[in-house]
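Here's the letter readout for the chains.
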Amino acid sequence: MSFSPRPPSLSGCNSIQEQRDRWEKKCSRAVKELVQTEQHYCQQLELVTTFFVEILKAKGTLKEDVREGIFSSIKSILSMNLSLLVHLENGNVGKGLEQFCSHLHHYNAYVDNIYNANKVLAIQLKKSKAFRRFKKLQEARPQFNNQKLEDLLQMPVQRINQYEHLLQDLAANTSPDNPGYEQLSKAVAAVCEVSQRIHDNAQRHENHQQLCRVQKLLKGRKTRVLAPGRWFIREGWLKIVPSKGSETKPKMFFLFSDLLLEAKSCSPLSVSNGKKFVGQHAYPLQDAAVEKVFGHTRSHGGLLSLTFPKAKLLVMSNNHDDLNDWYQCLSSAIRKLQSKHTVVQRDEPCRRPLLSPVDQTNPVRKRNMNTGAELECSAPKRTKQSADTKQSAEASTSSCVIL
């Protein structure tokens, strides 16, 4: 099936025909590029499957679960792409893409595992001398053009990005009246979903690395930065302006999607902890507010006022751009968190708690007090609230944790 060009809206037979010829050339060029790149891609996949997956299986160098952890669904991907290549070479672009998209779950499984694959590969290279020797020997084959296995494993991920651009280019030069246009449009949408999945996975992986990095910067194990749903935003030095007339104190601040962590430097005399920090306070952002006291113009720095239910901070910076970035990041994080909390509250049914006769006469609730030894910076836990203690409960869940 061939794709006809999109009809232009030009006056004059010669101009219309010339424009149609240009669309036809662009469409043919896009199909040709798709076929040629698919041929090369399938050849590379076959090489990886033959010289790595199959030989490793035959030799028994790695266990089956380890091989699957590294190569995931690459054999299924090769099978579906070989089928696509046959359709493309025979001119059945629409049918080939339709069949290809019905098996995209193999690509989803592969891209979801790619970071784990790199981790498993690195572990096996450290553990197994036989695998290190095998990998080096196979990579030296002329068919791989000096490419490492780590690079070869990225091919399916990179191919999805190529599909996105190639199919979008092909769709842009295909007439909606063409019988295969609907199939092409569905293929573009399906591939874009996988491409977005790759982008989201990359963001989550980068965020996890940032959280791990910050966790290693903090002394001890009691200040926990790693938490589900938490995103790292930024870090930097700010000066705390005390309420009384003493000097400002420089502190390191780590801003996350749900809290602001204040820390101080460890003693530089310490050999093991000289470049680390000690967490002091964790301020939840749920009921926080930020205000720019001064620094609205490009002067020398500025001052920010941070208000929490049970704490208030005045922080300053001599760098105007840095202070403005802090203000923007804090405002955005607070706004997103409060918006998310509002949606959750709307979804929850408004029911009064069922109290026993004893509870109705004496509705007393135990409070979870944060002791000085408690250093966890996790999100505050929700507790059941009675009608008389609603206000105090809201204050306690949003208070700062003294570290």
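Definitions and limits used
Residues numbered from 1 in each chain as written. Predicted model: local features only at pLDDT ≥ 70, side-chain atom pairs only at ≥ 80, totals over all residues. Heavy atoms only, no water. Helix = DSSP H or I, 4+ residues; strand = E, 2+ residues; numbered from the N terminus. Buried < 20%, exposed > 50% of the residue type's maximum accessible area, 1.4 Å probe, protein only. Contact = heavy atoms within 4.5 Å. Areas by Shrake-Rupley, 256 points an atom, 1.4 Å probe, with all protein chains shown as cover. Salt bridge = Lys/Arg side-chain N within 4 Å of Asp/Glu carboxyl O. Axes fitted to C-alpha atoms, helices over the stretch in contact; angles between N-to-C directions. Parallel < 35°, antiparallel > 145°, perpendicular 65-115°, else oblique. Left-handed = near helix turned anticlockwise from the far one by under 90°. Nonpolar A, V, L, I, M, F, W, Y, C, P; charged D, E, K, R; others polar. Polar contact = N/O pair within 3.5 Å; in protein donor to acceptor, adjacent residues only side chain to side chain. Pairing = 2+ DSSP bridges. Core = buried A, V, L, I, M, F, W, Y, C linked by side-chain atoms within 4.5 Å. Patch = residues over 30% accessible without salt bridge, like charges linked within 9 Å, V, L, I, M, F, W, Y side chains within 5 Å. Lys, Arg positive; Asp, Glu negative; His and termini not counted. Charge placed at Lys NZ, Arg CZ, Asp CG, Glu CD. Phe/Tyr/Trp six-rings, centres within 6.5 Å; stacked < 30°, edge-to-face > 60°. Lys NZ or Arg CZ within 6 Å of the ring centre and 35° of its normal.

### What to know about the overall build of the chain
In terms of regular secondary structure, the chain is built from twelve helices and eight strands. Counting every position in the chain, which comprises 403 residues, the buried fraction comes to 39%. In the chain, 63% of the contacts between residues at least 6 apart in sequence involve partners at least 24 apart. When the accessible surface of the chain is split by element, carbon and sulfur atoms take 51% of a total near 24000 Å².

### Section: the pattern of salt bridges
All told, the structure shown has eleven salt bridges when counted by the stated rule. By sharing partners, the salt bridges in this structure join Lys135, Glu139, Lys148 and Glu150 into a single network.

### Considering the packing of helix 3 (residues 74-89) against helix 4 (residues 93-101)
Packing of helix 3 against helix 4 brings their axes to within 8 Å, and their N-to-C directions diverge by 170°. With respect to helix 4, the element helix 3 is oriented roughly antiparallel. The way helix 3 lies across helix 4 gives a crossing that is right-handed. Residue-level contacts link Met80, Asn81, Ser83, Leu84, His87 and Leu88 of helix 3 to Val93, Lys95, Gly96, Leu97, Gln99 and Phe100 of helix 4. Of the residues in the contact of helix 3 with helix 4, the class split is six nonpolar, five polar and one charged.

### Details of the side chain of Ser128
Here Ser128 shows up in the loop between helix 5 (105-127) and helix 6 (129-139). We classify Ser128 as buried; its relative accessible area is 16%. Here Phe131 takes part through its backbone nitrogen, which lies 3.0 Å from a polar atom of the side chain of Ser128.

### Quick word on the pairing of strand 6 (residues 302-308)
Across the seven residues that make up strand 6, a large majority, six, are buried. Where strand 5 (residues 289-294) and strand 6 come together, five bridges link them in antiparallel fashion. Bridge pairing in strand 6 places Lys292 opposite Leu304. Bridge analysis of strand 6 against strand 7 (residues 311-317) gives seven bridges, and the strand direction is antiparallel. Bridged to Leu304 within strand 7 is Val315. Connecting strand 6 to the antiparallel partner strand 7 that follows it, the hairpin turn spans two residues.

### Digging into the nonpolar core
Ile70, Phe71, Tyr107 and Tyr163 are the most contacted members of the largest nonpolar core, which totals 54 residues. In terms of residue count, the dominant contributor to this core is helix 1 (residues 13-59) (twelve residues). Sequence-distant contacts of Phe71, defined by excluding residues within four places in its chain, comprise Val48, Phe52, Val53, Leu56, Tyr110, Leu149 and Leu153. Counting residues in each nonpolar core, the second largest holds 22 residues, with Leu260, Leu304, Ala311 and Trp326 among its members.

### Overview of unusual backbone geometry
In the Ramachandran plot, Ser72 falls in the positive-phi region, its phi being about 50° despite a non-glycine side chain. Within the element layout of this structure, Ser72 appears in the loop between helix 2 (64-71) and helix 3. At Asn145, a residue that is not glycine, the phi angle is positive and equals roughly 50°. Inspection of the secondary structure puts Asn145 in the loop between helix 6 and helix 7 (149-152).

### Some words on the packing of helix 8 (residues 155-172) against helix 9 (residues 181-217)
Orientation of helix 8 relative to helix 9, taken along the N-to-C sense of each, is 145°, at an axis distance of 9 Å. Relative to helix 9, helix 8 is oriented so that their crossing is left-handed. For the pair helix 8 and helix 9, contact is made by Val157, Ile160, Asn161, Tyr163, Glu164, Leu167, Gln168, Leu170 and Ala171 and by Tyr181, Leu184, Ala187, Val188, Val191, Cys192, Val194, Ser195 and Ile198, respectively. Looking at the contact of helix 8 with helix 9 residue by residue, the classes come out as 14 nonpolar, three polar and one charged.

### What about the side chain of Thr174?
The topology assignment puts Thr174 in the loop between helix 8 and helix 9. In terms of polar contacts, Thr174 uses its side chain to reach the backbone carbonyl oxygen of Leu170, at 2.6 Å.

### Some remarks on a positive patch on the surface
Together, Arg22, Lys25, Lys26 and Arg29 make up a positively charged patch on the protein surface. Tracing the sequence through the fold places Arg29 in helix 1.

### Digging into the packing of aromatic side chains
One pass over the structure, following the stated rule, counts nine aromatic pairs. Residues Phe100 and Tyr107 carry aromatic rings whose centres are separated by 5.9 Å and whose planes lie at 65° to one another, so their mutual orientation is edge-to-face. What makes Phe100 buried here is its relative accessible area of 2%. With a relative accessible area of 0%, Tyr107 lands in the buried category. Through successive ring pairs, a cluster of aromatic residues spans Phe51, Phe52, Phe134 and Phe144. When the ring centre of Phe232 is taken as origin, the NZ or CZ atom of Arg213, which lies over that ring, is 5.6 Å away. Here the basic side chain of Arg230 rests over the ring of Phe256, its NZ or CZ set 5.9 Å away from the ring centre.

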